[in-house]
Amino acid sequence: MRKLFGTKDIRGVANEELTPEFCVRLGKAVGTYFGGGDILVGMDERLGSQMTALALMSGLISTGCRVHWLGLATTPMVQWAVGELGGDGGIVITASHNPPEYTGIIVLDEHGIEVSPEAREEIEAIFRGEEFMKVPWYGLRPVREVDTEREVLKPYIKSVIRQVDVNLIELANPKIIIDTASTVSAMPIHLLMEELGISYVMLGAELDGRHPRRISEPRPDTLSRLRTVASRLEADFGVGVDGDCNRAIFCYKDEVWWGDYSFALIAKWYLRDHPGETLLTPISSSMVVKDVVEACGGKLKWCKVGAGYVSRIMVEEGIRLAGEENGGICYAYHGPFRDACMAIALMLQVLAEEGRPLKELMDELPRYQIAKGSVPCPEELKEKVMSEVGRRVEGEAYLEKITIDGIRLMFEGYSVLIRPSGTEPIIRVFTESRHGDAEELLAKYMGLVEEVVGEVSK
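Described in the following lines is the structure provided in the data block. Given the structure is predicted, the values throughout are model-derived calculations rather than measurements.

Rules of the game
Residues numbered from 1 in each chain as written. Predicted model: local features only at pLDDT ≥ 70, side-chain atom pairs only at ≥ 80, totals over all residues. Heavy atoms only, no water. Helix = DSSP H or I, 4+ residues; strand = E, 2+ residues; numbered from the N terminus. Rg over C-alpha atoms; globule rule 2.2 N^0.38 Å. Buried < 20%, exposed > 50% of the residue type's maximum accessible area, 1.4 Å probe, protein only. Contact = heavy atoms within 4.5 Å. Areas by Shrake-Rupley, 256 points an atom, 1.4 Å probe, with all protein chains shown as cover. Lys, Arg positive; Asp, Glu negative; His and termini not counted. Charge placed at Lys NZ, Arg CZ, Asp CG, Glu CD. Pairing = 2+ DSSP bridges. Axes fitted to C-alpha atoms, helices over the stretch in contact; angles between N-to-C directions.

A closer look at the overall build of the protein
The secondary structure content of the protein amounts to 15 helices and 21 strands. Relative to the globule expectation of 23 Å for 458 residues, the C-alpha radius of gyration of the protein, 22 Å, shows essentially globular dimensions. For the C-alpha atoms alone, the extent of the protein along its principal axes is close to 70 × 65 × 40 Å. Looking at the protein as a whole, 59% of its 458 residues qualify as buried. A separation of at least 24 residues holds for 69% of the contacts in the protein among residues at least 6 apart in sequence. Total accessible area computed for the protein in this model is approximately 18,300 Å², and 48% of it derives from carbon and sulfur atoms. Separation of charge centres in the protein, based on 51 positive and 70 negative side chains, amounts to 1 Å.

Structural data, given as structure tokens:
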């Protein structure tokens, strides 16, 4: 039976996999898990989001929950609101970077971070067993319509800008271009830019659930329009954000930097004033993060891939800064969750303090060639395949082997990550090298995985 949750949330095509009937039942399961309580709910602009939200809220209300309805809101806005307004939990209706036909559901705990894997299993068990709480008619609680602009959006942006020197950023007078892909991300980004008082141009500022300008995932191949506009307008940099405003990818002219490079630059800045601190990143991040953090006197902790793992470790271990390869930056002084607004504000702070262009600062970081691929592998064979791959690489002369999420081998000047996908029937292979041979390394290790999959399949 297909699992309900992926690595952190539930996603499917609106009105096909995520039907109103499914969503009512899921709302009952989530409400039962929380035992009633105050649940904050927000959604993105996708065409399926309102249908999903209303059905979910009906299920929540039937279990005795008090729903606080935020309406249009980004994921970080809802996460911040749960923590600041004192909710027992939250739900975000968003499919993040997926194509427009998809809708997704993220369940948050009282800290505003994705519920733990154990909690997801419990919700799924309630959903499958249909052992739902049900309150009598006099126990049904009315929905509270939140004044989202006044209670959430404005104070949330105030929280972001408290972390930076607004006067210094305004004095530096940067000019940036932001592509929000016609998503709900435009709401907080617009307010952030106005509060910072800098020159900016927004692309895709209109909310359109069909995402006509570009797909909502910011990648080098989806940001061509942004790069063109930023270059023609001679902007200091461009930044593309994803559909729920928790990831930011920076670019300048034809160059686009993945999130581990922007994180490395922010980490370098942060460690100047916080020497010796431990920073956090998923095992999928480039060695550039390790190189920079250790060169600046910090310590780096690796964790499993997934925003929930990052946030939970930050809360449990008191880590203040974390970053992901996909463009997520978590700054605990604002909140232990990925936030594109916070990432943009921090990058502006770095540039204002340095007084130098982004490209110049990026060029000072260690440079790795990166290659990525995947090998088809049936879900039921992944464990056996990974076990055999681990046995076969044991004799290699690696400096370090990390097995918290797949297998990561660190060598002098290069590394390899072999990791089963949490959402697809594939095994991902990632290689990077300072020697210019990442593609050759990728071919080698993909060949190894393919051979093992073939043998295990017999």
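Let us keep going from here.
Describing the environment of Gly 90
Within the fold, Gly 90 resides in strand 4 (residues 89–93). For Gly 90, a relative accessible area of 0% puts it in the buried group. Put simply, Gly 90 and Val 152 are 62 residues apart on the chain and 14 Å apart in space, counted from C-alpha to C-alpha. If near-sequence neighbours (up to four positions away) are discounted, Gly 90 is found in contact with Ile 39, Leu 40, Val 82, Ile 106, Val 107 and Leu 108.

Things to note about the environment of Val 289
In this fold, Val 289 is placed in helix 10 (residues 287–295). When the C-alpha atoms of Val 289 and Leu 265 are compared, they prove to be 8.7 Å apart, with 24 residues separating the residues in sequence. With near-sequence residues (within four places) excluded, Val 289 lies in contact with Asp 260, Phe 263, Ala 264, Thr 281 and Leu 300.

A few points about the sheet that holds strand 3 (residues 65–72)
Strand-to-strand pairing in sheets goes through backbone hydrogen bonds, with the strands running parallel or antiparallel. Taken together, the six strands give an open sheet; going across it, the order is 1-5-4-2-3-6, and neighbouring strands pair in mixed fashion. Each of the sheet's edge strands pairs with one partner strand only, and the pair in question is strand 1 (10–13) and strand 6 (144–145). Here strand 4 runs beside strand 5 (residues 102–108); their pairing, made up of four bridges, is antiparallel. When the sheet's bridge partners are listed, Gly 90 is paired in strand 5 with Leu 108. Along the sheet face, helix 2 (residues 49–62) touches strand 2 (37–43), strand 3, strand 4 and strand 5 and points at about 170 degrees away from the line of strand 3.

A closer look at the sheet that holds strand 18 (residues 400–402)
The antiparallel open sheet is built from five strands, whose spatial order is 17-21-20-19-18. Each edge of the open sheet carries a strand with a single partner, namely strand 17 (369–376) and strand 18. Adjacent strand axes in the sheet meet at a mean angle of 10 degrees when their direction is disregarded. Packing against the sheet, helix 10 makes contact with strand 18, strand 19 (407–411), strand 20 (414–420) and strand 21 (426–433), and its axis sits at approximately 55 degrees to strand 19. Strand contacts of helix 15 (residues 438–457): strand 17, strand 19, strand 20 and strand 21, with the helix running at about 15 degrees to strand 17, the strand carrying the most contacts.

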